[in-house]
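Next come the chains, spelled out residue by residue.
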Amino acid sequence: MKSKNRTDSQRRTNSLDFFRGFLREPGIVGSIIPSSRYLEQRIINAADLANARLVVELGPGTGGTTRSLLNHLPANAQLLTIEVSAAFVEVLDGIDDPRLINHCGSAADLEDILSQHQLPGADAVISGIPFSTMPDAVGRQVIDAVWRSLAPGGHFVAYQFRDHVATLARPLIGVPEIRMEMRNIPPMRVFRWQRPGNNKAASDPA
Ligand SMILES: C[S@@+](CC[C@H](N)C(=O)[O-])C[C@H]1O[C@@H](n2cnc3c(N)ncnc32)[C@H](O)[C@@H]1O
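One structure accompanies this document, and this report is about it. As the structure is a computational prediction, the values presented were derived from the model and not from experiment. (Residues numbered from 1 in each chain as written. Predicted model: local features only at pLDDT ≥ 70, side-chain atom pairs only at ≥ 80, totals over all residues. Heavy atoms only, no water.)

Right, let's get into the side chain of Ser-149. Mapped onto the secondary structure, Ser-149 falls in helix 7 (residues 136–149). Apart from the residues within four sequence positions on either side, Ser-149 is in contact with Leu-110, Glu-111, Leu-114, Gly-121 and Ala-122. (Helix = DSSP H or I, 4+ residues; strand = E, 2+ residues; numbered from the N terminus. Contact = heavy atoms within 4.5 Å.)

Here is the structure:
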């Protein structure tokens, strides 16, 4: 019960910090409330976290999704978050977990950021950044950088309200698998691409 109370109060604090962030920069934050636990679970299943060694999260916000990813990540794995808002990174730095590396910067610079931290190709890149409100050129740059940063067989998972990311990505990395999570405000699409290669077996995106 104690830990449920702690989780509930953490969610309320996250939501308040998140809403303040939305008021500061609505186009960049892209949503007024953080993702629901149902959406988090769907993302975790799609990314095949149980078999991952390195996961990258683009746009962690105030860290609700980050905490969920850490709860499902193997003990010897690492999670690199890339968040453009310095105020959100301050909140993320309060998460005490040796597997977590927070980086304040843009998802478009993913390859440079991986090499700054001397990290290899990622087994999964999970993105909540709002592709529909950013310039298309930046969106394409992010998709290209993600694809080049994935290990063979790695997954790119993007959860989005609109399907703009799929339109942008089709000529670059092909057609994704799509699932819908209705138990989220707003209902969210979860897109998944898998980089060719046999490092990882294909799994159901759920
Ligand atoms: C819709 S919120 C998702 C937050 C959280 N992951 C969740 O699901 O509740 C999108 C986040 O992406 C961040 N963001 C937007 N553009 C970005 C970029 N180019 N690079 C890194 N983060 C970005 C925003 O600051 C915001 O925190």
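Another point: the site of the ligand. With respect to spatial proximity, 22 residues lie near the ligand, and among them Ser-35, Gly-59, Glu-83, Ala-107 and Tyr-159 are the closest. Contacts to the ligand include Gly-61, whose backbone N or O atom sits 3.5 Å from an oxygen atom. At the level of secondary structure, the elements contributing two or more residues to the shell around the ligand comprise helix 2 (26–29) and strand 2 (78–83). (Near = heavy atom within 4 Å. Polar contact = N/O pair within 3.5 Å; in protein donor to acceptor, adjacent residues only side chain to side chain.)

Here the focus is empty space enclosed by the protein. Evaluated as defined, the whole model comprises 1 cavity of 30 Å³ or more. The volume enclosed by the largest cavity comes to roughly 30 Å³. When residues of the lining of the largest cavity are traced back to their parent elements, those giving at least two are helix 3 (37–47) and helix 4 (64–72). When residues of the lining of the largest cavity are assigned to their parent elements, the largest contribution, 3 residues, is made by helix 3. Looking at the lining of the largest cavity residue by residue, the classes come out as 5 nonpolar, 1 polar and 1 charged. (1 Å grid on protein atoms, 1.4 Å probe; cavity = no way out; pocket = protein on both sides within 12 Å on 5 of 7 lines; lining within 4 Å. Points joined across faces, edges and corners; volume = space filled by probe spheres on them. Nonpolar A, V, L, I, M, F, W, Y, C, P; charged D, E, K, R; others polar.)

None of this, on its own, says anything about what the molecule does.
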